[in-house]
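Residue-level structure breakdown
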Amino acid sequence: MPNDNVKSYLHLHLIVFIWGFTAILGRLISLDALPLVWFRMLFAVFFIFAYIRYKRIPTKIPRQIIFKFLIAGLIIALHWFTFFRAIKVANVSITLACLSTGAFFASLIEPFFFGKKIVWYEIFFGLIVIAGLTIIFNVETNYVEGIILALISAFLSALFAVINSKFVKTYEPTIISFYELMGGVLFFSISLVFTNSFSAEFFQLTTTDFVYLMILSSVCTAYAFIASTAVMKFLSPYTVMLTINLEPIYGIILAYFIFEDSEQMSPMFYLGALIILATVIANGIVKGYKKNYN
């Protein structure tokens, strides 16, 4: 149905815009990366659990599968930790530009999980991405730590996406997300216990931080996940993939206008970021073309 397709496409752009806004919230929240991610996951678990109860979605699955979900939850938790840590030590623009390399990392990880061959054009695009990163490294020497953290975050994001692509073929995406977020909370809670980080001060959130965390966990995490699953009923994976690649663009533009001076980068940074983003989109176009004509 054309109307449903148009509505879903516009809805997807809203979701991607919301994901781009996640980085803005990470910059606005005064918490360090670890407690920020812990609170985000904890609140999101409650929101998704409420949705599961409302929809009466069954949560019973084999224990060994739950264990796999929990491990995947650790990966996404570490992805978010390095993501927000990169924002804290660098800025939103640096982090999102480097995060867009996730598609390149995915092309290297997939062969190990699915036995696929690494194709020539992915290697070619990967070399162009490296060229774009080299430009950013050379001109933004004050943000080396943030760049490295963002690249680690991109790798973890790609690893998580590849692992999850196997899970969603068998299990309900909302249930997967629920257990994965629980896993992230569990592993980070253990870390916080062993470092004696849980204290009265830890739970004393400012009103501003609490409001931002509620938006981050409800709108940017629970809602965005459920909504992104829903639009896939009407849009092809190719369309979804290409649209998601716009997330760094939305985020960088938002950061530029919200934070002004601290997000105004050198012209060469934007050249490097443009090279990376254009390459990621070109990679998606080539993959879509090959699928249609094979």
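Residues numbered from 1 in each chain as written. Predicted model: local features only at pLDDT ≥ 70, side-chain atom pairs only at ≥ 80, totals over all residues. Heavy atoms only, no water.

Points about the packing of aromatic side chains
- Overall, the coordinates contain 23 aromatic pairs when judged by the stated rule.
- Here Trp-38 and Phe-203 contribute two aromatic rings whose centre-to-centre distance is 6.0 Å and whose plane-to-plane angle is 75°, an arrangement assigned as edge-to-face. Residue Trp-38 is found in helix H2 (residues 33–55), and its partner Phe-203 is found in the loop between helix H8 (173–194) and helix H9 (207–231); the two are separated by 165 residues along the sequence.
- Since its relative accessible area comes to 7%, Trp-38 is described here as buried.
- Look at Phe-203 and you get partly exposed, because its relative accessible area is 44%.
- Consider the rings of Phe-81 and Phe-188, whose centres lie 6.4 Å apart with planes at 90°: the pair is edge-to-face. Of this pair, Phe-81 sits in helix H3 (residues 63–89) while Phe-188 is found in helix H8, placing the two residues 107 residues apart along the sequence.
- Its relative accessible area of 26% is what places Phe-81 among the partly exposed residues.
- Looking at Phe-188, the relative accessible area reads 5%, which means it is buried.
- By way of ring pairs, the aromatic residues Trp-38, Phe-39, Phe-43, Phe-198, Phe-202, Phe-203 and Phe-210 are connected into one cluster. (Phe/Tyr/Trp six-rings, centres within 6.5 Å; stacked < 30°, edge-to-face > 60°. Helix = DSSP H or I, 4+ residues; strand = E, 2+ residues; numbered from the N terminus. Buried < 20%, exposed > 50% of the residue type's maximum accessible area, 1.4 Å probe, protein only.)

Examining helix H4 (residues 92–99)
- Counting buried positions along H4 gives eight out of eight residues, so the element sits mostly inside the fold.
- Among the residues of H4, Val-92, Ser-93, Ile-94, Thr-95, Leu-96, Ala-97, Cys-98 and Leu-99 are the ones counted as buried.
- Two or three places before Ser-93, at the start of H4, stands the capping residue Asn-91, its side-chain oxygen 3.3 Å from that residue's backbone nitrogen. (Polar contact = N/O pair within 3.5 Å; in protein donor to acceptor, adjacent residues only side chain to side chain.)

Points about helix H11 (residues 247–259)
- Over its 13 residues, H11 runs 18 Å from end to end, which matches the ideal 18 Å to within 8%, given 1.5 Å per residue.
- Those residues of H11 not exposed but buried are Glu-247, Pro-248, Gly-251, Ile-252, Leu-254, Ala-255 and Phe-259. End-on view of H11: buried residues confined to an arc of 165°, all on one side of the axis. (Expected span 1.5 Å × (residues − 1). Arc of directions from axis to C-beta.)

Things to note about the nonpolar core
- Counting residues in hydrophobic clusters, the biggest one holds 69 residues, and the most contacted among them are Met-41, Phe-84, Val-92 and Leu-216.
- Grouped together as the second largest cluster of nonpolar side chains are 17 residues, Ala-86, Ile-136, Ala-150 and Val-280 included. (Core = buried A, V, L, I, M, F, W, Y, C linked by side-chain atoms within 4.5 Å.)

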